[in-house]
Amino acid sequence: QVQLVESGGGLVQPGGSLRLSCVASGSIFSINAMGWYRQAPGKQRELVAAVHRGESPNYADSVKGRFTISRDNAKNTVYLQMNSLKPEDTAVYYCIGSVVSVREGYEYDYWGQGTQVTVSR
């Protein structure tokens, strides 16, 4: 069993910052990629940022220059530093991990439960 748990969401004013964290736990053999998606009300879930092991991160155009994704492989953790937040960044943010579990032996995408980010005055 593999679980991803996010934390760090909340309410922030426009121009403010938040840092999201996501920890993967369970019978993990390896994690190939970790990333963040978001879903605003009435919209489809979209990729925000992702980083594959050993590669440079990639970002949605809408967050380039404002958001930074990073990984701590030793802790099975991915972070999303969000600066200069805008009201249009308001969404539920989901963590995803492409994990090879000890039990399954193949790669599978696991999702966190989501954390709400609200940017408003």
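Refer to the structure presented above.
What comes next is a walk through the structure. (Residues numbered from 1 in each chain as written. Predicted model: local features only at pLDDT ≥ 70, side-chain atom pairs only at ≥ 80, totals over all residues. Heavy atoms only, no water.)

## With respect to the packing of aromatic side chains
Rules: The rule is short: rings of Phe, Tyr and Trp, with Trp giving its six-membered ring, pair when the centres are within 6.5 Å, and they are stacked under 30 degrees, edge-to-face over 60, tilted in between. What counts as a helix is a DSSP run of H or I of at least four residues, what counts as a strand is a run of E of at least two, and both are numbered from the N terminus. Any residue under 20% of the maximum accessible area for its type is buried, any over 50% is exposed, and the rest in between are partly exposed; the area is computed with a 1.4 Å probe on protein chains only.
Tallied over the entire structure, the rule returns two aromatic pairs. Measuring from centroid to centroid gives 5.1 Å for tyrosine 37 and tryptophan 111, while their planes differ by 65 degrees, and the two rings are edge-to-face. Within this pair, whereas tyrosine 37 is found in strand β4 (residues 28-39), its partner tryptophan 111 is found in strand β10 (residues 107-111), the two being separated by 74 residues in sequence. Given the relative accessible area of 24%, tyrosine 37 is considered partly exposed. A relative accessible area of 37% means that tryptophan 111 is categorised as partly exposed. Measuring from ring centre to ring centre gives 5.0 Å for tyrosine 108 and tyrosine 110, while their planes differ by 70 degrees; the resulting arrangement is edge-to-face.

## Thoughts on the pairing of strand β9 (residues 91-101)
We apply this condition: At least two DSSP bridges between two strands are needed for those strands to be called paired.
In terms of burial, β9 is a largely internal element, ten of the eleven residues being buried. Here β4 pairs with β9 via ten bridges, running antiparallel. Across the sheet, residue isoleucine 31 finds its bridge partner in β9, namely valine 99.

## Here we look at the pattern of salt bridges
This is how the line gets drawn: Salt bridges are defined as contacts in which a side-chain nitrogen from Lys or Arg sits within 4 Å of a carboxyl oxygen from Asp or Glu.
A complete count under the given rule lists four salt bridges for this structure. Aspartate 89 serves as the salt-bridge partner of arginine 66, at 2.7 Å between the closest nitrogen and oxygen. Of this pair, arginine 66 sits in the loop between β6 (58-59) and β7 (67-72) while aspartate 89 sits in the loop between β8 (77-82) and β9, placing them 23 residues apart in sequence. Accessibility assignment for this pair places arginine 66 and aspartate 89 in one class, buried. Bridged by salt links that share partners, the residues Arg38, Glu46, Arg66 and Asp89 form one connected network.

## Digging into the nonpolar core
We count it as follows: As used here, the term nonpolar core means buried Ala, Val, Leu, Ile, Met, Phe, Trp, Tyr and Cys residues forming a set that is joined through side-chain atoms within 4.5 Å. Contacts were defined at the residue level, with two residues in contact if any of their heavy atoms lie within 4.5 Å.
Trp36, Val48, Phe67, Leu80, Met82 and Tyr93 are the most contacted members of the largest nonpolar core, which has 30 residues in total. Where this core is concerned, the elements lending two or more residues are β1 (2-7), β3 (18-26), β4, β5 (46-52), β7, β8, β9 and β11 (115-119). Look past the residues within four positions of leucine 80 in its chain and what remains in contact with it is Leu18, Arg19, Leu20, Trp36, Val48, Ala49, Phe67, Thr68, Ile69 and Tyr93.

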